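One letter stands for each residue in the lines below.
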Amino acid sequence: MGCCGSGAELALLLPDARAAGEEVLLASRVVADGVRQTDLSVPAIHCGGCMRTVALTGLSGVQSARVNLSTKRATVRWLGDSVPPPFIETLKKAGFEAHLFDVEQDTKDSGLPELIRALAVAGFAASNIMLLSVSIWSGAGAETRDLFHWLSAFIALPALAYSGQIFFRSAWQALKHGRTNMDVPISLGVLLAFGMSLYETVQHGPHAYFDAAISLLFFLLIGRTLDHIMRERARLAVKGLARLAARGALVVQADGTQVYLPVSDIRLGTTVMLAAGERVPVDATVIKGVSELDVSLVSGEHTPLPATIGSVLRAGTLNLTGPLSIVATATAENSFLGEMLRMMEAAERGRSTYRRISDRAASLYAPVVHLTAFLTFVGWLAATGDMHRAVTIAIAVLIITCPCALGLAVPMVQVVAARRLFENGIMVKDGGALERLAEIDTVVLDKTGTLTSGVPRLIESGEVGHELIAIAAGLARHSRHPYSRALVDAAAGHPASPVEFDDISEHPGCGLEARAGAVAYRLGRPEWALANATDVERISGDESVVLAENGIRLADFRFEDRLRVDAAMGVAELRELGLPIEIVSGDREASVGSIAAELGIPHLAAVLPGGKAAHIAALEASGRKVLMIGDGLNDAPALAAAHASMAPASAADVGRNAADLVFLRESLSAVPLAIAIARRAGWLVRQNFAMAAAYNLLAVPFAVSGHVTPLVAAVAMSASSIVVVANALRLKGRRNSAPRPAVSPPAIAVLEAAE
């Protein structure tokens, strides 16, 4: 689309500054202490020049402002809790109509139908005018030539008015506000070619370039339509999942009554009744009931997972077998699906070095194009005195030097790469992260939750009977400790009568204590649960948990943390990429050493969070570019210190927020896959830059020397844009034998239908 886009109607009219401020404040959300974020829809934005014009960071109170070309949205972060800065008014003064973003009104793509209609009209007109031009080139007589010129003019005029409005609106908005963009030289070239051809037709001249003007529109619209389709596919990749999410839920009111509310009305702490067969509306915790969940929408894993009291549910998972009572732990926009949508948009919105170079070059290029065309006109007019020839050559220069290919060189690769990663279960939080990921030369891995699943498994319980396992599980159900979860899971395979306790309490760092009449049970660390020090000495290992009755040992349990699926294969693939690997973990030496020995990786154990960050900083200071992969709170400083960082979806919120990329699958193969895609994306970006530069170095001298007609210039310039887009699509075309995508079959159907 052009910079003036589709002229979409405003979804929200803000009649005065006070009302505008109140609406913005209500629509904003708190993202940090004293910092709010507001999402704006800016339908008229199109290119890098527009993005620089939308410069709101100079406004008082604005912390940052970023623009996403695909979604035509601006994300503004501002300071304060009362009166927001006047960013909507500032955008309007710059020539961009803006309104608060509404997700419900963002579901329909009105731009693509307009582009297709304009493309069809331009294609019909161009083909017919070209047929008439062939007849003229074949040696038609003067009268026949004049007739065909007039017919061409009558065909070209409505086509120019209809198909060209996409470019004309954009150019007019830019000029009206004292700036230029890539559509300005396009519009000038088309209008000058048509105007000169019409003059030649009136004067019965031998040359007319109606075919050049309309063919230019046709080929440009092909490139712009491809660009629009690829950006829309990037949005559909996440929207296909969002459309499968719940639209509402049965909410329990304060008086105990139940009412069905839309998901957007669910707040933190709201109690929701979730029936079997319904999707979890927002991130929540189970407070009552037992069921199984289909989590394929979120992780791609189709094996049902158990849900019991205390289980954490993610928005979009499907409740399969039983009713649950859940309490919302996040609003819809802050739940898992909302986070995925924001990360996908941030992937394209990020300002990588290559993209800044591309946008800067494209913005400087437009004035250079105009100046080159003007000097060419003056030079040929002075040299030959032939006004017609001077104008014709100047038009050819104006058309052939349009920086469309340069402007598309980076964004198209970035969009395709983000979608390619998403289809493989990898979310990119920042477009610049792809560039940094392609540069890494060292990989540092945390152990727990990264190389391992972070979910302990009961491996040894001695000759423990079903009754003792039932007692231990009865205690463990009242704790969220990973060992407690493992005991509960293990007890599911040991049928026994449930145990009733009079009182249960949890002692952080020690374990659980309960009473059943005069009997006191303890489940936890041996030194806390057992009264006899000799019994404690007999039990070794930090992974040991003891069940005791009145201080006397009844049973002990040992746990292990299993490796992630294909962890060994993922490590091998990283080695194939030529990357040295090491483990840096806060766990004890015995636990880390066994995993490191199994994988053949050097390691550091018992490293504190500050030590991890210091180790990363030391590697960076030695010239290394480190990729840190971790999942816990203790990994956040190291993730922030690394050149690039990744975290699994199971990571703590702090870890996911600090990481550049998040992988949704169990398999560690997501890491080498992401690196390979990032490297290939960087290679394609450099190829696009080289092709755009080579095109201009070759085309400009030919055009200035008068060897290119406006028609040839139109075809050459449009072809350069199409080549750049097609080269970006090659990233998507390289299939990988990675595990299945982390989307459900219905979501895949949505994506395939979009293609």
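Structure first, text after, so check above.
## Some points on the overall build of the chain
- Helix and strand content of the chain: 28 helices and 27 strands.
- Within the chain, buried positions represent 53% of all 755 residues.
- Within the chain, residue pairs in contact and separated by at least 24 positions form 70% of the contacts whose partners lie at least 6 positions apart.
- Entry remark: accessible area of the chain is about 32000 Å², with carbon and sulfur atoms responsible for 60%.

## Some points on the sheet that holds strand β16 (residues 442-445)
- What the seven strands build is an open sheet, ordered β15-β27-β26-β25-β16-β23-β24; its pairing is mixed. The outermost strands of the open sheet, each flanked by one partner alone, are β15 (426-428) and β24 (603-604).
- Sheet topology note: the strand β25 (residues 626-629)/strand β26 (residues 644-648) ladder contains three bridges and is parallel. When the bridges of β26 are listed, I629 appears paired with M646.

## What to know about the pattern of salt bridges
- Within the structure shown, the criterion is met by seven salt bridges.
- Ionic pairing is found between E513 and R522, a salt bridge with its closest N-O pair at 3.5 Å.
- A relative accessible area of 16% means that E513 is categorised as buried.

## Description of helix α7 (residues 183-202)
- Between the first and last C-alpha of α7 there are 28 Å, a value that for 20 residues agrees with the 28 Å anticipated at 1.5 Å per step.
- Trailing α7 by a residue or two, H204 shows a phi angle of about 60°, which is positive.

## Some remarks on helix α26 (residues 670-704)
- With 35 residues, α26 should cover 51 Å at 1.5 Å per step; its first-to-last C-alpha distance of 50 Å lies within 8% of that length.
- Positive backbone phi, approximately 85°, marks G706, located one or two places after α26.

## Quick word on the pairing of β26
- With five of its five residues buried, β26 lies for the most part within the structure.
- Here β26 shows no split at all, with A644, M646 and P648 on one side and S645 and A647 on the other all buried.
- Where β26 and strand β27 (residues 661-663) come together, three bridges link them in parallel fashion. When the bridges of β27 are listed, A647 appears paired with V662.

## Some details on the packing of aromatic side chains
- Here the structure, examined in full by the defined rule, presents three aromatic pairs.
- Lying across the ring of W528, R522 places its NZ or CZ 4.3 Å from the centre.

## Here's the deal with the side chain of S325
- In this structure, S325 sits in strand β14 (residues 324-328).
- Among the residues examined, S325 registers a relative accessible area of 9% and is labelled buried.
- Beyond its immediate sequence surroundings of up to four residues, S325 is in contact with V272, M273, T285, V286, I287 and K288.

## Considerations on unusual backbone geometry
- Here N550, not a glycine, exhibits a phi torsion of approximately 55°, which is positive.
- Within the fold, N550 resides in the loop between β21 (544-549) and β22 (552-563).

## Observations concerning the nonpolar core
- One finds I426, V443, L451, L627, M646, L661 and V671 to be the most contacted residues of the largest nonpolar core, which totals 50 residues.
- Not counting the four nearest positions on each side in its chain, V671 is found in contact with L574, L627, I629, M646 and F663.
- Core analysis: the second largest hydrophobic core is formed by 47 residues, L115, A156, W380 and A396 among them.

## Notes on the environment of S505
- Take S505: it is sitting in strand β18 (residues 503-507).
- For the pair S505 and S479, spaced 26 residues apart in sequence, the C-alpha separation works out to 9.3 Å.
- Discounting residues that sit within four places of it in the chain, S505 has contacts with G511, L512 and E513.

## Let's talk about the environment of A644
- Looking at where A644 falls in the secondary structure, it is placed in strand β26.
- Separated by 15 residues in the primary sequence, A644 and I629 place their C-alpha atoms 8.9 Å from one another.
- Setting aside its immediate chain neighbours within four residues, A644 contacts R436, L437, I440, V626, L627, M628 and D660.

## Some remarks on the side chain of T392
- By the secondary structure assignment, T392 is in helix α12 (residues 387-400).
- When its relative accessible area of 8% is taken as the criterion, T392 is described as buried.
- In this structure, T392 is in contact with M196, Y209 and P710, ignoring residues within four places of it in sequence.

## A word on the pairing of strand β23 (residues 581-584)
- A two-sided burial pattern is seen for β23, the buried positions comprising I581 and I583 on one face and E582 and V584 on the other.
- As paired strands, β16 and β23 are joined by three bridges and run parallel to one another. By the bridge assignment for β23, V443 is matched with I581.
- Sheet analysis places β23 next to β24, joined by two bridges and oriented parallel. In the strand pairing of β24, V584 is matched with L604.

## Looking at the packing of α12 against α26
- Axis separation between α12 and α26 bottoms out at 9 Å; the angle between their running directions is 170°. Taken together, α12 and α26 sit at an angle that is classed as roughly antiparallel. Contact with α12, carried on its side by I393, A396, V397 and I400, involves Y695, N696, A699, A703 and V704 of α26 and no other residues of that element.
- Residues that form the contact of α12 with α26 fall into these classes: eight nonpolar, one polar and no charged.

How each quantity is defined
Residues numbered from 1 in each chain as written. Predicted model: local features only at pLDDT ≥ 70, side-chain atom pairs only at ≥ 80, totals over all residues. Heavy atoms only, no water. Helix = DSSP H or I, 4+ residues; strand = E, 2+ residues; numbered from the N terminus. Buried < 20%, exposed > 50% of the residue type's maximum accessible area, 1.4 Å probe, protein only. Contact = heavy atoms within 4.5 Å. Areas by Shrake-Rupley, 256 points an atom, 1.4 Å probe, with all protein chains shown as cover. Pairing = 2+ DSSP bridges. Salt bridge = Lys/Arg side-chain N within 4 Å of Asp/Glu carboxyl O. Expected span 1.5 Å × (residues − 1). Phe/Tyr/Trp six-rings, centres within 6.5 Å; stacked < 30°, edge-to-face > 60°. Lys NZ or Arg CZ within 6 Å of the ring centre and 35° of its normal. Core = buried A, V, L, I, M, F, W, Y, C linked by side-chain atoms within 4.5 Å. Axes fitted to C-alpha atoms, helices over the stretch in contact; angles between N-to-C directions. Parallel < 35°, antiparallel > 145°, perpendicular 65-115°, else oblique. Nonpolar A, V, L, I, M, F, W, Y, C, P; charged D, E, K, R; others polar.

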